[in-house]
Amino acid sequence: MRARITATGSYLPEKILTNFDLEKMVDTSDEWIRQRTGIEIRHIAEDEPTSELAAKAALDILKNSSLSASDVELIIVATVTPDQPLPATALFVQERIGAYNAFAFDINAACSGFIYALSIANAYILSGFVKNAIVIGAETLSKITDWTDRSTCVIFGDGAAGVLLEATDGDRGILSMVLHSDGRYTDLMRVPAPGSRIPCSKEAIENRDIYIKMKGNETFKMAIRSIASVSKEALDIAGMDFKDVDWMICHQANKRIIDGVARRVGLDEDKAIITIDRHANTAAASIPLAMDWALKTGKIKEGDIVLLNSFGASLTWSASVVRW
Ligand code: ACO
């Protein structure tokens with residue numbers, strides 16, 4: 001038995017922020033952002049919380065599936081921007097879509113969140129604990145972005161997307177899954193407050209501790225090597241090589257990282273799905289957003305070997321091989 005992705009769905013908030021808009025906000029330029037990241041625009045959620053984006057993605061998934069909300073057994077939302085500390089964002093999604101027979105929870109693995117969540121749903125399905133699961137990556141990173149910090153505010157965007165994973169007897173589905181994390185690097189990317197270390201306070205706000213802090217250059221250097229090696233591990237487990245890969249869906253953090261990974265492993269750059277130009281870095285939402293786009297535009301076809309891989313704060317990295 002395997003777990004197979006039988007439907008995908010996505011939602012992007014209406015408001016678009018261009019590089020030219022950012023030129024008016026911080027000391028940056030469209031040219032710098034395009035050259036250093038590949039980003040042209042990003043979507044921004046104005047009055048919608050993360051759960052609303054996630055619920056709209058979930059409704060799109062159900063529309064593209066043969067299941068109704070009452071058939072769903074599990075909902076996992078991967079996010080670093082939950083609606084609130086408690087309850088879990090996934091419960092707001094459950095209520096909004098009316099999936100009352102499911103159990104629901106969130107996970108936080110930053111940009112690796114979607115693959116981590118997929119691995120949990122995969123394990124539950126393989127063990128017979130559930131027959132299906134909706135797995136969503138959803139973020140409103142604009143809410144934790146410091147709009148005065150040019151080194152971070154130009155790279156993030158908002159959005160949500162996900163998949164329906166179902167038990168199947170065929171040979172299509174998830175073939176391998178590899179997850180890594182390293183707590184020695186928690187200072188590379190963080191949002192220091194509010195939390196139990198630095199509770200909510202006037203001082204935390206004044207110190208701008210409520211926003212993303214990132215050592216971008218150090219993160220960049222580790223990303224290419226880590227994504228390449230975890231991808232090889234996942235392919236080895238599946239008994240495959242990079243030459244077997246039809247499509248690579250890499251976390252969309254920086255076009256230079258994706259190109260660098262493709263070069264390092266000898267993968268034709270055309271096989272890398274690119275959506276960073278119009279989505280920017282949407283953390284846990286980026287891989288399912290790219291996957292949904294690749295399916296809806298007819299790139300990924302039945303039987304294709306799809307390599308998913310990610311790198312995120314701080315540090316998490318992961319890969320999965322899927323036969324579509
Ligand atoms: N506009 C203009 N200049 C800028 C900007 C900007 N927006 N941002 C930085 N610069 C300047 C810097 O001040 C520096 O100037 P200096 O040389 O005069 O000192 C110069 O550009 C180079 O800065 P770097 O930080 O070295 O720029 P880099 O090429 O590394 O690009 C970036 C920065 C885009 C952040 C890149 O490092 C990156 O993509 N890092 C990886 C991010 C990542 O993968 N994060 C993990 C996943 S995200 C998650 O988990 C939620």
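On to the packing of aromatic side chains, then. This structure, assessed with the given rule, holds four aromatic pairs. Look at F103 and F105: their rings are 6.3 Å apart centre to centre, the planes differ by 25°, and that puts the pair in the stacked class. Given a relative accessible area of 22%, F105 falls into the partly exposed group. Aromatic side chains Y124 and F129 sit 5.1 Å apart centroid to centroid with 65° between the ring planes, which places their arrangement in the edge-to-face category. On the basis of relative accessibility, which here comes to 25%, the residue Y124 falls in the partly exposed class. Residue classification places F129 among the exposed positions, given a relative accessible area of 54%. An aromatic cluster is present here, built from F103, F105, Y124 and F129 joined pairwise through their rings.

Take the sheet that holds strand β5 (residues 103–107) next. Strand order in the open sheet formed by five strands is β1-β7-β6-β4-β5, with mixed pairing between adjacent strands. Bordering the open sheet on either side are β1 (2–11) and β5, each of which pairs with just one other strand. Taking the axes of each pair of neighbouring strands and ignoring which way they run, one obtains an average angle of 20° across the sheet. Sheet topology places strand β6 (residues 132–140) next to strand β7 (residues 158–168); nine bridges connect them, and they run antiparallel. Counted as the bridge partner of A138 is A160 from β7. Relative to the sheet, helix α4 (residues 89–97) contacts β4 (74–78), β5 and β6, its axis offset from that of β4 by approximately 130°. On the sheet, helix α11 (residues 286–296) packs against β1, β6 and β7 and is oriented at approximately 90° with respect to β1.

Turning next to the domain arrangement of the chain. The domain architecture assigned to the chain consists of domain 1 (2–170) and domain 2 (175–323). Between domain 1 and domain 2, the buried area comes to about 3600 Å², and carbon and sulfur atoms account for 65% of it. Here domain 1 is connected to domain 2 by two salt bridges. The residue K296 makes a salt bridge to D60 at a minimum N-O spacing of 2.7 Å. At the boundary of domain 1 and domain 2, one finds 18 residue pairs in polar contact (both at pLDDT 80 or more). Mapped onto the side of domain 1 that touches domain 2, the elements with two or more residues apiece are β1, α2 (30–37), β3 (41–44), α5 (113–126), β6, α6 (150–153) and β7.

Close contact between helix α3 (residues 50–63) and α4 brings their axes to 9 Å; oriented N to C, the two are set at 50°. The pairing of α3 with α4 is recorded here as oblique in orientation. In this structure, α3 crosses over α4, and the sense of that crossing is right-handed. Judged by residue contacts, T50, S51, E52, A54, A55, K56, A58, L59 and L62 of α3 engage T89, F92, V93, R96 and I97 from α4. Of the residues assigned to the contact of α3 with α4, the class counts are eight nonpolar, three polar and three charged.

Neighbouring the ligand are 26 residues, the closest being T28, R36, C111, N217 and N254. R36 places a side-chain nitrogen or oxygen 2.7 Å from an oxygen atom of the ligand. Here an oxygen atom of the ligand sits 2.7 Å away from a polar atom, N or O, in the side chain of N254. When the ligand is considered free in solution it has 1000 Å² of accessible area, and contact with the protein chains removes 75% of it. Going through the elements one at a time, α2, α6, α8 (216–237), α9 (255–265) and β12 (305–312) are the ones with two or more residues in the shell around the ligand. No other element matches α8, which puts four residues into the shell around the ligand. Taken together, the residues of the shell around the ligand sort by class into twelve nonpolar, ten polar and four charged. If you count residues domain by domain, the shell around the ligand takes at least three from each of domain 1 (2–170) and domain 2 (175–323).

Here is what the cut-offs are and how they apply
Residues numbered from 1 in each chain as written. Predicted model: local features only at pLDDT ≥ 70, side-chain atom pairs only at ≥ 80, totals over all residues. Heavy atoms only, no water. Phe/Tyr/Trp six-rings, centres within 6.5 Å; stacked < 30°, edge-to-face > 60°. Buried < 20%, exposed > 50% of the residue type's maximum accessible area, 1.4 Å probe, protein only. Pairing = 2+ DSSP bridges. Helix = DSSP H or I, 4+ residues; strand = E, 2+ residues; numbered from the N terminus. Axes fitted to C-alpha atoms, helices over the stretch in contact; angles between N-to-C directions. Contact = heavy atoms within 4.5 Å. Domains from an automatic or database assignment. Buried area = accessible area lost by both parts, 1.4 Å probe. Salt bridge = Lys/Arg side-chain N within 4 Å of Asp/Glu carboxyl O. Polar contact = N/O pair within 3.5 Å; in protein donor to acceptor, adjacent residues only side chain to side chain. Parallel < 35°, antiparallel > 145°, perpendicular 65-115°, else oblique. Left-handed = near helix turned anticlockwise from the far one by under 90°. Nonpolar A, V, L, I, M, F, W, Y, C, P; charged D, E, K, R; others polar. Near = heavy atom within 4 Å. Areas by Shrake-Rupley, 256 points an atom, 1.4 Å probe, with all protein chains shown as cover.

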